Amino acid sequence: VQLQAFGGGLVQAGGFLRLSCAASGRTFSSYAMGWFRQAPGKEREFVAYISRSGGSTYYADSVKGRFTISRDNAKNTVYLQMNSLKPEDTAVYYCAASFTITTTRSDYVSWGQGTQVTVSS
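Residues numbered from 1 in each chain as written. Predicted model: local features only at pLDDT ≥ 70, side-chain atom pairs only at ≥ 80, totals over all residues. Heavy atoms only, no water.

Undergrad: Talk me through the packing of aromatic side chains; I want residue IDs and the actual numbers.
TA: Applying the stated criterion to the full structure yields 9 aromatic pairs. Note on Tyr108 and Trp111: the rings are 6.0 Å apart at their centroids and 55° apart in plane angle, and the pair reads as tilted. For Tyr108, a relative accessible area of 5% translates into the label buried. Clustering of aromatic rings is evident, with ring pairs tying together Phe36, Phe46, Tyr49, Tyr58, Tyr94, Tyr108 and Trp111. Above the plane of the ring of Tyr94 lies Arg44, whose end atom (NZ or CZ) is 3.6 Å from the centre. A cation sits over an aromatic face here: Arg44 above Trp111, 5.0 Å from the ring centre. (Phe/Tyr/Trp six-rings, centres within 6.5 Å; stacked < 30°, edge-to-face > 60°. Buried < 20%, exposed > 50% of the residue type's maximum accessible area, 1.4 Å probe, protein only. Lys NZ or Arg CZ within 6 Å of the ring centre and 35° of its normal.)

Okay, structure coming up:
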């Protein structure tokens with residue numbers, strides 16, 4: 001599956017953004033989907049995942065209660081709604097596909113190109 005993430009941008013602290021990740025191919029619903037992020041000079045870190053049906057989600061503690069992951073299998077798209085953004089959320093955000101729900105980066109088999117999110121204070 002090929003993935004393309006978009007929707008990033010510059011936003012003030014306290015603001016919101018919605019990221020989208022569009023998948024090509026007919027097998028999107030066969031994959032669990034995740035979002036990761038990488039800030040300058042830091043390792044890529046897990047943000048959230050969603051199961052194939054959308055019935056199960058999980059979040060990193062740093063975003064819990066502020067971010068929401070969702071998917072629309074009819075549109076082959078996964079979303080990340082980001083509210084109450086903080087300057088420390090500034091990073092390149094990546095969507096990724098996995099055969100199982102997991103927080104482990106190496107379990108993801110396909111990655112989007114990343115979209116930049118910058119939160120100003």
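Undergrad: Lay out the pattern of salt bridges with the relevant residues and their values.
TA: Side chains carrying opposite charge are able to pair once their charged atoms draw close together. Counted under the stated rule, the structure contains 5 salt bridges. Close ionic contact of Arg37 with Asp89 constitutes a salt bridge, the shortest N to O distance being 2.9 Å. Residue Arg37 is found in strand S4 (residues 32–38), and its partner Asp89 is found in the loop between strand S8 (77–82) and strand S9 (91–98); the two are separated by 52 residues along the sequence. Accessibility assignment for this pair places Arg37 and Asp89 in one class, buried. Salt bridges here are not isolated pairs; linked through shared partners, they connect Arg37, Glu45, Arg66 and Asp89. (Salt bridge = Lys/Arg side-chain N within 4 Å of Asp/Glu carboxyl O. Helix = DSSP H or I, 4+ residues; strand = E, 2+ residues; numbered from the N terminus.)

Undergrad: Could you give an account of the environment of Tyr59, naming the residues involved and the relevant values?
TA: Here Tyr59 lies in strand S6 (residues 57–59). Tyr59 sits in the buried class, given a relative accessible area of 14%. Separated by 25 residues in the primary sequence, Tyr59 and Gly34 have C-alpha atoms spaced 9.7 Å apart. If we ignore the near neighbours within four places in the chain, the residues touching Tyr59 are Phe46, Val47, Ala48, Lys64, Phe67, Thr68 and Ile69. A polar contact of 2.9 Å, which involves the side chain of Tyr59, links it to the backbone nitrogen of Ile69. (Contact = heavy atoms within 4.5 Å. Polar contact = N/O pair within 3.5 Å; in protein donor to acceptor, adjacent residues only side chain to side chain.)

Undergrad: Kindly report on the sheet that holds strand S1 (residues 3–6), identifying the contributing residues and their values.
TA: Read from one edge of the open sheet, 4 strands run S1-S3-S8-S7, paired in antiparallel fashion. Each end of this open sheet is capped by a strand with a single partner; those strands are S1 and strand S7 (67–72). Taken pair by pair, the neighbouring strands of this sheet meet at an average axis angle of 15°, ignoring direction. Both strand S3 (residues 17–23) and S8 contribute to a ladder of 6 bridges, which runs antiparallel. Residue pairing across strands places Leu19 opposite Leu80, the latter belonging to S8. (Pairing = 2+ DSSP bridges. Axes fitted to C-alpha atoms, helices over the stretch in contact; angles between N-to-C directions.)

Undergrad: Now, about unusual backbone geometry: what can you tell me, with residues and values included?
TA: Excluding glycine, a negative phi dihedral is what most residues carry, and trans is how most peptide bonds are arranged. Backbone geometry places Asn76, a non-glycine residue, at a positive phi of 55°. Tracing the backbone shows Asn76 in the loop between S7 and S8. We classify Asn76 as buried; its relative accessible area is 17%. The backbone of Ser84 shows a phi angle near 50°, a positive value even though the residue is not glycine. Looking at the secondary structure, you find Ser84 in the loop between S8 and S9. Residue classification places Ser84 among the partly exposed residues on the basis of a relative accessible area of 41%.

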